[in-house]
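Survey of secondary and tertiary structure
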Amino acid sequence: MSTVDGSTTAFGSPEFTAPETADDVRAYVRENKIQFLFAQFVDMHAKPNAKLVPATHLDDLLTDGAGFAGFAAGDIGQRPNDPDMIAMPDVRSLTPLPWRPEVARFACDVHVEGEEWPYCPRTILRHQLARAQALGYEFKIGFELEYFLVRMREDGGIELADPLDTLDLPCYDMRALTRNLDFVGDVARNLTALGWDNYATDHEDANGQFEQNFGYADALTSCDRAIFFRYMVEAMAQERGLIATFMPKPFAHLTGNGCHMHMSLWKNGANVLDAEPDDDPHGMGLSETAYQFIGGLKAHAKAYIALTAPTVTSYKRLSVGSPRSGSTWAPVFVSYGYNNRTQMLRIPAAGRIEDRTVDGSCNPYLAATAVLAAGLDGIERGLDAGSPTTEHNLHELSDAQRGELGIEMLPANLLDATRELEGCEVLRRALGTTAREDYVDYFVRIKREEYQQAHEQITQWELDRYLQLF
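Residues numbered from 1 in each chain as written. Predicted model: local features only at pLDDT ≥ 70, side-chain atom pairs only at ≥ 80, totals over all residues. Heavy atoms only, no water.

**Concerning the overall build of the protein**
Here is the rule: Numbered from the N terminus, helices here are DSSP runs of H or I no shorter than four residues, and strands are runs of E no shorter than two. Using C-alpha atoms as the atom set, the radius of gyration is obtained and then compared with a globule rule of 2.2 Å times the number of residues to the power 0.38. Relative accessible area decides the class of each residue, using a 1.4 Å probe on protein chains only: under 20% of the type maximum gives buried, over 50% gives exposed, and in between gives partly exposed. Contacts between residues were defined by any pair of non-hydrogen atoms, one from each residue, lying within 4.5 Å. Note on areas: these come from Shrake-Rupley sampling with a 1.4 Å probe, and a residue is covered only by the protein chains present in the view. Only four residue types enter the tally: Lys and Arg on the positive side, Asp and Glu on the negative side; His and the chain ends are excluded. Think of each charge as sitting on NZ of Lys, CZ of Arg, CG of Asp or CD of Glu.
Helix and strand counts for the protein come out as 14 helices and 20 strands. Relative to the 2.2 N^0.38 estimate, which gives 23 Å for 470 residues, the radius of gyration of the protein is 22 Å and therefore close to what a compact globule would have. Summarising its shape, the C-alpha atoms of the protein cover approximately 65 × 55 × 50 Å along the three principal directions. Residues counted as buried form 56% of the 470 residues belonging to the protein. Long-range contacts, defined here as pairs at least 24 residues apart, represent 70% of the contacts in the protein between residues at least 6 apart. Surface summary for the protein: the accessible area is close to 20600 Å², and the carbon and sulfur share equals 50%. Each charge class in the protein was averaged separately, 42 positive and 69 negative side chains, and the resulting centres sit 2 Å apart.

What follows is the structure, given as structure tokens:
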């Protein structure tokens, strides 16, 4: 296979195995003729920032990290007068670029003057995972990341990259997959080369939308992989003159991009959410611990959705109907049930919980921190999950029927979500504090500014509706 510029990809090479030590990294770099290494971290919005370091300076990078003027790097808590941030590589996160075999990437934790930087999303997740570990738990997750392939028009708008993708019901369309096989096939081969167990690629519910699945892992590894996957797909698309977007709702009339998070919780090598269906009064294969975990998710869903659906556009995805398919496949209500995609929390199999609030704009580290904190609170306080609503299509129930079932609504916009988050002490503790403020207050301030900027825009819809109405 070849890329647009004619360079070859390394699809024939053996599957990559992540290193465990600095010596493993040195050996891999030497044996695979790696020339450059990205020292990469993310800001609040999960934008990947990096420096490209020559492999000849690998030891310097491992010892001293890579320096950044943090205020210029995005929303990561730095002011112009703050000392430089230092991105310190996690050697276990080394990831080669399969389509650029001379380059590899480290996921980094941010430090300032020798101390962990409390605004670093990856550091925030590590701290929450350490808390879970102190309780004897290991949190494992898998992500389902959906994206659109589009191209930019001369007028600044966007259109689907595939002009033949026009079916009213395009989900799983074999012909559209075939037309786009060069691209999605390259992505799939790259996932396989990375050893991530790519097990499926499908055309999703919207025209021009795809999902490419890979296996689950411990939460930190999965979040590192989610960041790299988005970067890889976007970079590969740009090399072809296209845009791959994980934006939650790039087209008003089409289904949006989810990033569904599948969760399990482990202790001593066993999944403590799992149970024999006969031992589960609801027959879903969930343990008592699992129901308590779900109780925590439900109790804090209105607050943590600010982190799992963190943009203004996120809430345009969270609606009942879609003009094209009839369903947005996105949650609107705080609920759970077995294998029912109108639920916020779907139980697709025994011992596993799928959170469907999570969308393509999330910062995976912050989203994982939030749901883990919520679930652990449910376990620690023995919260009741209530009854599942498996048999109901929640999108068709009346308000009165939902009221009888005790089903509450999720926030309808980012502003309301930040208000819920601001008042949630469980998430406030989980996200940590800094020398200046709690991280929650920083996050809420940035997101309210984002909401206000959007609110101040005058849209074409407003002009069409109001310009001559009065």
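**What to know about helix 9 (residues 364-381)**
Defined as follows: Expected span of a helix: the number of residues minus one, times 1.5 Å. Whenever a nitrogen or oxygen atom comes within 3.5 Å of another N or O atom, the pair is scored as a polar contact, on the condition that within protein one atom can donate a hydrogen and the other can accept it, and that pairs from neighbouring residues in sequence are kept only if both atoms are in side chains.
Taking 1.5 Å per residue, 18 residues should reach 26 Å; helix 9 reaches 26 Å between its end C-alpha atoms and fits that length. By the criterion of burial, helix 9 is predominantly enclosed, with 16 of the 18 residues buried. At the N-terminal boundary of helix 9, the capping side chain belongs to Asn-363, with an oxygen 3.1 Å from the backbone nitrogen of Tyr-365. Phi turns positive, to about 60°, at Gly-382, one or two residues after helix 9.

**Focus: helix 11 (residues 414-422)**
What counts, and what does not: Throughout, the arc means the angular range of directions from the helix axis out to the C-beta atoms.
Three or more residues of helix 11 are buried, namely Leu-414, Leu-415, Ala-417, Thr-418 and Leu-421. The arc that holds every buried residue of helix 11, seen down its axis, measures 160°, which confines them to one face. Buried residues along helix 11 sit against helix 7 (288-308), helix 8 (314-317), helix 12 (425-431) and helix 13 (439-455). Capping of helix 11 at its N-terminal end is provided by Asn-413; its side-chain oxygen lies 3.1 Å from the backbone amide nitrogen of Leu-415.

**As for the pairing of strand 8 (residues 138-152)**
Rules: Strand pairing is assigned whenever DSSP identifies at least 2 bridges connecting the two strands.
Where burial is concerned, most of strand 8 is hidden: twelve out of the 15 residues are buried. Where strand 8 lies against strand 14 (residues 259-267), eight bridges are found, and the strand directions are antiparallel. When the bridges of strand 14 are listed, Gly-142 appears paired with His-262. Taken together, the two bridges between strand 8 and strand 12 (residues 217-218) define a ladder with antiparallel strand orientation. Residue pairing for strand 12: Lys-140 is matched across the bridge by Asp-218. Where strand 8 lies against strand 11 (residues 209-213), three bridges are found, and the strand directions are antiparallel. Its bridge partner being in strand 11, Glu-146 is matched across the sheet by Glu-211. Where strand 8 meets strand 13 (residues 243-245), three bridges bridge the pair, whose relative direction is antiparallel.

**Some words on the confidence of the model for the protein**
Atom-level detail of predicted coordinates should not be read off regions where pLDDT is low. In plain terms, the rule: Scored from 0 to 100, pLDDT reflects the predictor's confidence in each residue.
For the protein, the mean per-residue pLDDT works out to 95, and 96% of the residues sit at or above 70. Within the model, pLDDT remains below 50 along residues 1-12, and this stretch shows 23 contacts once partners closer than five positions in the same chain are excluded.

**Focus: the packing of aromatic side chains**
We count it as follows: Two aromatic rings from Phe, Tyr or Trp, using only the six-membered ring of Trp, form a pair when their centres are within 6.5 Å; if the ring planes differ by under 30 degrees the pair is stacked, by over 60 it is edge-to-face, and anything between is tilted.
If you walk through the whole model with that rule in mind, you get 22 aromatic pairs. Arranged with centres 6.1 Å apart and planes meeting at 75°, the rings of Phe-229 and Phe-246 form a pair that is edge-to-face. Within this pair, whereas Phe-229 is found in helix 6 (residues 219-239), its partner Phe-246 is found in the loop between strand 13 and strand 14, the two being separated by 17 residues in sequence. One aromatic cluster in this structure is built from Phe-38, Trp-99, Tyr-147, Phe-183, Trp-196, Phe-210, Phe-214, Phe-228, Phe-229, Tyr-231 and Phe-246.

**Section: the packing of helix 3 (residues 121-134) against helix 6**
Operational definition: Comment: axis = line fitted to C-alpha atoms, over the contacting stretch for helices; angle = value between 0 and 180 degrees taken between N-to-C directions. In these notes the angle categories are as follows: under 35 degrees is roughly parallel, over 145 is roughly antiparallel, 65 to 115 is roughly perpendicular, and the rest is oblique. Note on convention: near helix rotated counterclockwise from far helix by under a right angle means a left-handed crossing. Clockwise means right-handed.
The interhelical angle for the contact between helix 3 and helix 6, taken along N-to-C directions, is 160°, at an axis separation of 10 Å. It follows from the interaxial angle that helix 3 and helix 6 lie roughly antiparallel. In the crossing of helix 3 with helix 6, the sense of the turn from one axis to the other is right-handed. Counted together, Arg-122, Leu-125, Arg-126 and Leu-129 of helix 3 and Ala-219, Leu-220, Cys-223 and Asp-224 of helix 6 form the full contact between these two elements.

**What about the pattern of salt bridges?**
Where side chains of opposite charge bring their charged atoms close, a pairing between them can arise. As a reminder of what qualifies: Note on definitions: salt bridges are taken to be side-chain nitrogens of Lys or Arg within 4 Å of carboxyl oxygens of Asp or Glu.
Enumeration according to the criterion identifies 29 salt bridges in this entry. The closest approach of N and O atoms between Asp-441 and Arg-428, which form a salt bridge, is 2.9 Å. Taken together, the positions of Asp-441 in helix 13 and Arg-428 in helix 12 put the pair 13 residues apart, joining distant regions of the chain. Asp-441 sits in the partly exposed class, given a relative accessible area of 27%. Of the charged contacts, one joins Lys-447 and Glu-450 as a salt bridge, the two residues approaching to 3.0 Å between their closest N and O atoms. Here Lys-447 and its partner Glu-450 are both found in helix 13, three residues apart, which amounts to about one turn of the helix. Its relative accessible area of 3% is what places Lys-447 among the buried residues. For Glu-450, a relative accessible area of 21% puts it in the partly exposed group. Each of the salt bridges in this network shares a partner with another, and the network as a whole consists of Asp-90, Arg-92, Asp-109, Glu-116, Arg-122, Arg-126 and Asp-224.

**Overview of the packing of helix 7 against helix 11**
How we decide: In the scheme used here, Gly and all other residues not listed as nonpolar or charged are polar, with Ala, Val, Leu, Ile, Met, Phe, Trp, Tyr, Cys and Pro taken as nonpolar and Asp, Glu, Lys and Arg as charged.
Axis separation between helix 7 and helix 11 bottoms out at 7 Å; the angle between their running directions is 120°. Here helix 7 is positioned oblique relative to helix 11, judged by the angle of their axes. You can see that helix 7 and helix 11 cross each other, and the crossing is left-handed. Across the interface between the two elements, Lys-302, Ala-303, Ile-305, Ala-306 and Leu-307 of helix 7 pack against Ala-417, Thr-418, Glu-420 and Leu-421 of helix 11. Within the contact of helix 7 with helix 11, the residues separate by chemical class into six nonpolar, one polar and two charged.

**Details of a negative patch on the surface**
What counts here: Only residues above 30% relative accessible area that lack a salt bridge enter a patch, with like-charged residues linked at up to 9 Å and the nonpolar side chains Val, Leu, Ile, Met, Phe, Trp and Tyr linked at up to 5 Å.
A contiguous patch of negative charge, built from Asp-274, Glu-276, Asp-278 and Asp-279, is present on the exposed surface. Within the element layout of this structure, Glu-276 appears in the loop between strand 15 (270-271) and helix 7.

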